[in-house]
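Notes for the structure review
So the chains spell out like this:
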Amino acid sequence: MIEYVWLVPLVPILGFLFNGLLGKRVPKWLVSLVGCSVIGIPFLIVILIFREYLQLPADAKPVEVVVYNWISSGNFNALAAFLVDPLSLIMMLVVSGVSFIIHIYSVGYMHDDEGYPRYFSYLNLFVFAMLVLVSANNFLLMFVGWEGVGLCSYLLIGFWYEKQSASDAGKKAFVVNRIGDFGFLLGIFLIFWTFNTINFREVFSIAGTNFEVGSLVITAITLLLFVGATGKSAQLPLYVWLPDAMEGPTPVSALIHAATMVTAGVYMVARCSALYVLAPVSLTVVAIVGAATAILSASIGLAQNDIKRVLAYSTVSQLGYMFLACGVGAFVAGIFHLMTHAFFKALLFLGSGSVIHAMSGEQDMRHMGDLKKHLPITYWTFIMATLAIAGIFPFAGFFSKDEILYKSLVDGHILYWLIAAAAAFMTAFYMFRLIFMTFHGESRVDHEVLHHVHESPPVMTLPLIALAVLSTIGGFVGIPIIEGANVFHDFLAPAIAHVHRPEIHYPISFEVSMMVVSVIIALLGINTAYRMYIKRPELPQIVTEKIPLLYDLIYHKYYVDELYAATVVNPIKVGSDFLWKGVDEQVVDGAVNGSAGVIEWLSYHIRKLETGYVQNYALAILIGVFIIAGYYLGR
Amino acid sequence: MTISIPSITLSNIGPLLTLTVAGLLLLLMDALTPKGKKGYFPYLSLIALVIAAVQTTMLWNRSGTDFARMIYVDNFAFFFYLIFLLATGLTILISIKYLEDYHRNLEEYYTLLIFATIGMMLMAAGGHLILIFLGLEILSIAIYILAGLFREDVKSNEAALKYLILGAFSSAFLLFGMAMLYGATGSLFLDDLAQAIKAGVGTNPLLLFGMGLLIVGFGFKVSSVPFHMWTPDVYEGAPTSVTAFMSVGTKAAAFAALVRIFFLVFPEIKMEWNMLLWGLAVATMTLGNVVAIAQTNIKRMLAYSSIAHAGYLLVALVAANQLGAISFLYYLVAYTLMNLGAFAIVILVARKKDDYINIYDYCGLGFQYPALAAAMSVFMFALAGIPPTAGFVGKFYVFSAAVEAGYIWLAIIGVMNSLISVFYYLRITVLMYMRPAEADLGPVTMTPAISSAVLVTAAGVLAIGVFPGPLYELALNSVKIFVGL
């Protein structure tokens, strides 16, 4: 089965072609059937491949499947080839599995939308690109997927393109991502320049044998790659597009902007762990950016009122955690959190979608409240996801988040831990704030809307339940402390490089007490939210009035968008305006039109030589003869 | 006295024999078949061409000479055989409907095409200057008649007469040049000429003048400046299918002879002719492209375009290296496909007869006939040299050859010329897609024959543009005879 791994990305693109070309002409049920099954089939294939992979002898792993020679030029070779190793398998499983669930959900959520076939064709295309990204065996093919998911993200954010804000958001996402992609591309160039190959395994093995820790070129490569990751995975300073991306349909936010695409940067860093461990400087940068992003966006999340925006900032913050983990060398923990986050954050988004669906499109939590009894399934699944993201035992998020906190303390720095712990506190707070504002307390729902509030149909609630199960038990694959119980870690280990540093063994009691501490931090956050939004609902008002400046700063997201507009966007606009009207229209166009004019003038005059008289033509021949004769005589 | 009869192998000229038999057979049948029952003649001719092509492929990799050194039997000749057969075959495909529209009993048309093809083959294979001249005349006389095919049409008459007078004029120079070469070396065999030049008659003025006059004679046929002036008038006046045939067939044949003579006989004295051809190439490219801009008649525009392409081919000749020779062959194949394809569309768009041959008749074609317009766009892109078409690869090889040989400026001028050419080629595309039709010109009638010609040329242009490798190898295989490069 492994040799058929190319089917995994191929099948979704068939769905894209079908729905894109014929979607408008076939009945809706066929669009849904094709749209979902082209994701379900790859998921099954990946499961089969996974099982087969587990039974392979160790020396047969990892497997590379070459489909064809894509580009061959000089000593440059890019194959269309796939790498089946623990990392890509985990990613393929998560991507195809979560995608499948979200596709099902979309059948209900998008049911009445005019662009139904278009939606499914984009979504299928996205899954294709994402699967290429995670299964490629070289940097260039990965970049194809990388760009492909960017394109689909753009198309789906602007899915409702008649809406100005949606098309603006799509543009913003695209432009910001391009900045990151530029870095990524430079990184790939530098890799080829340095290693003469772009195959992952060749690059990593050459790097391991030929380069010292701290090598300058490796540092440059890893930093450039990380620039790409900050764009795709919404890290400082390029995170600004993700909150705006919430303009897209909610299942898109769940799939692309929470569970899969935005984690591509984390995957890429983990994939290149062999390079990153050689570049301590880059690792420090990754950790600092991750930690700063985690705390900054968590703090913005405290004051948002749009239910999806809270989740968006939460996503940015959780991605920061993952990078923090990678930055301290705990790549496995990063991928672990990537997986559990995919489960519970997809669930949170889908749950919020269910709420929005029930509320006839309302997204402002100030107009919600007490929805618990109207939306029981949504509520209970949402609670599980929230407990998971807050890091409460035994939900999935507890295991992965705790591992990151622990690693950032023992392998990183106490400061990392403090920041991560503060962010964890904030996460617990704003998530329960969201729960309380949406599902509890007094109803602030419009009477008109309240009439129509209803639980979503099974096609939407079943995916919620499936994800809730995963969010609850998904963490048990990575049980810490007990020897051999961390199967996730053991499985992934062969694909990940390790930072070279002396092993320090801490007593088990220390690790256990750190776990307790992290749970206490989460409980503190929950308790604070409970006090502010259930017990004394007047408290938030008082707090905001007490610290007006700070609140204003947070509420306006630290004015980062405004800062970028003033320092980057506007100067570029002014500069390009000058280049357009001054340089291009005057100088360049002038030169082009001028020379074209000269040619045209020549053309109309030379054609007059063509008199139509044979004797003139014969004369021309004769002149030619004389010229040739003169040429030979004159030399 | 003993007369030695040279041993000859008839299979070495198999393709020529087949065509000769077929041509005579057609003439005979023409006389015996009642009117209105000759519709299968073109298909018969096509079968003959296919047989000749198969024979050619079976001859592939033979080498040497035959018929007392009169004929070269080598891949270079075979490569050109195939180009000629392709050009003739495509011409037949695009002619059928066009001729039927004129309601003319024109069965001799196909015979003449086949005879012209024989002439072209002799020019590519000739090992003796007189044989090359004979081939040229066989070709030319057939073309004179074909150009004047529409006896009632003044323009067609004018075209034929102009071509005849000027052709005779230039042939005189060609013959005069050959005579001078004989005077200088005492032989007309290409082998002997090459030997003599190696032996050191290189700077003999007689030889140089002879060479110069050869350039005049062949320059006329390939329409190089300043011997090009007949081209627009003749191309415009001749029946469109004949114009298509002339623009690729005659040009390819004259270049075949030119290349063989210059690369086989004169490489030793390259310094004596390269700057002269350099000047001709620059003048030809530039004049062709510049004046094409001012044309509104598409046949005249393509006439100037063909002048410009002769200029690009001269660049490959100037380069005089192996890549130059390869690029030459590649370019001729590409040019045959894209130019014949363009002419096929011209015939289609002209509706009945030559009613609509103004470039503004192409307005709105993209909406009325998307497939037709798409094909025309492919040809225009290819002629302009835009990837991924054969035209791009051809120009790339030609200019690379020039750069490799050190003619950087020639390559730069060539590229700038391509830039100019983009204007008038893309103008057609722009008209087709961005202007509404000015008037209803009536329906375009597609027949299977002409549709298949369009399909073959368009697919070919793209295929050898995307995968130039096999054709490159074939061309490389064909130019190994030029050891002096």
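My aim in this report is to walk through the structure given alongside it, one point at a time.

**Topic: unusual backbone geometry**
- Note that the residue after Leu-236 of chain A, namely Pro-237 of chain A, is joined by a cis bond; omega there is -5°.
- Tracing the sequence through the fold places Pro-237 of chain A in the loop between helix H8 (216-232) and helix H9 (241-244).
- The residue after Pro-387 of chain B, namely Pro-388 of chain B, is reached through a cis peptide bond having omega 5°.
- With respect to the element layout, Pro-388 of chain B can be found in the loop between helix H15 (370-384) and helix H16 (390-404).
- Although it is not a glycine, Ala-68 of chain B sits at a positive phi angle of roughly 55°.
- Here Ala-68 of chain B lies in the loop between strand S1 (65-66) and strand S2 (71-72).
- A positive phi angle is found at Ser-223 of chain B, which is not glycine, with a value near 50°.

**Thoughts on the side chain of Thr-222 of chain A**
All names here are of chain A.
- Note that Thr-222 resides in helix H8.
- Using a relative accessible area of 0% as the deciding quantity, one classes Thr-222 as buried.
- Here the side chain of Thr-222 touches Ser-282 through a polar contact of 2.6 Å, side chain to side chain.

**Overview of the pattern of salt bridges**
- Going through the model one piece at a time under the given rule, you end up with 20 salt bridges over all chains.
- Salt-bridge contacts for Arg-366 of chain A lead to Asp-364 of chain A; the nearest nitrogen and oxygen are separated by 2.9 Å.
- The partly exposed category is assigned to Arg-366 of chain A, whose relative accessible area is 40%.
- One salt-bridge network, in which partners are shared between bridges, spans Lys-155, Glu-158, Lys-162, Asp-233, Glu-236 and Arg-300 of chain B.

**Considerations on the interface of chain A and chain B**
- Contacts between chain A and chain B engage 23 residues on the former and 34 residues on the latter.
- Summed over both partners, the interface of chain A with chain B comes to about 2,500 Å²; 76% of that surface belongs to carbon and sulfur atoms.
- On the chain A side of the interface with chain B, the three residues burying the most area are Glu-610, Ile-621 and Tyr-632 of chain A, jointly 26% of the side's total.
- Taken together, the connections running from chain A to chain B amount to seven residue pairs in polar contact (both at pLDDT 80 or more).
- Within the residue set of the side of chain A that touches chain B, elements represented by two or more residues are helix H25 (560-606) and helix H26 (614-634) of chain A.
- If you tally residues by element for the side of chain A that touches chain B, the top one is H26 of chain A, at 13 residues.
- Per-class residue counts for the side of chain A that touches chain B are 17 nonpolar, three polar and three charged.

**Looking at the packing of aromatic side chains**
- Under the counting rule described, the total for this entry stands at 58 aromatic pairs over all chains.
- Each ring, one from Tyr-631 of chain A and one from Tyr-632 of chain A, has its centre 5.3 Å from the other, and the planes form 70°; the classification is edge-to-face.
- Its relative accessible area of 24% is what places Tyr-631 of chain A among the partly exposed residues.
- Aromatic side chains Phe-78 of chain B and Tyr-81 of chain B sit 5.8 Å apart centroid to centroid with 65° between the ring planes, which places their arrangement in the edge-to-face category. Note that Phe-78 of chain B and Tyr-81 of chain B are positioned in helix H3 (residues 75-101) at a spacing of three residues, about one turn of the helix. Assigned by exposure class, Phe-78 of chain B and Tyr-81 of chain B land together as buried.
- One cation-aromatic arrangement involves Lys-28 of chain A over Tyr-116 of chain A; the distance from NZ or CZ to the ring centre is 5.0 Å.
- Directly above the ring of Phe-159 of chain A sits Arg-118 of chain A, whose terminal nitrogen or CZ lies 4.2 Å from the centroid.

Parameters at a glance
Residues numbered from 1 in each chain as written. Chains lettered and ligands numbered in written order. Predicted model: local features only at pLDDT ≥ 70, side-chain atom pairs only at ≥ 80, totals over all residues. Heavy atoms only, no water. Helix = DSSP H or I, 4+ residues; strand = E, 2+ residues; numbered from the N terminus. Buried < 20%, exposed > 50% of the residue type's maximum accessible area, 1.4 Å probe, protein only. Polar contact = N/O pair within 3.5 Å; in protein donor to acceptor, adjacent residues only side chain to side chain. Salt bridge = Lys/Arg side-chain N within 4 Å of Asp/Glu carboxyl O. Contact = heavy atoms within 4.5 Å. Buried area = accessible area lost by both parts, 1.4 Å probe. Nonpolar A, V, L, I, M, F, W, Y, C, P; charged D, E, K, R; others polar. Phe/Tyr/Trp six-rings, centres within 6.5 Å; stacked < 30°, edge-to-face > 60°. Lys NZ or Arg CZ within 6 Å of the ring centre and 35° of its normal.

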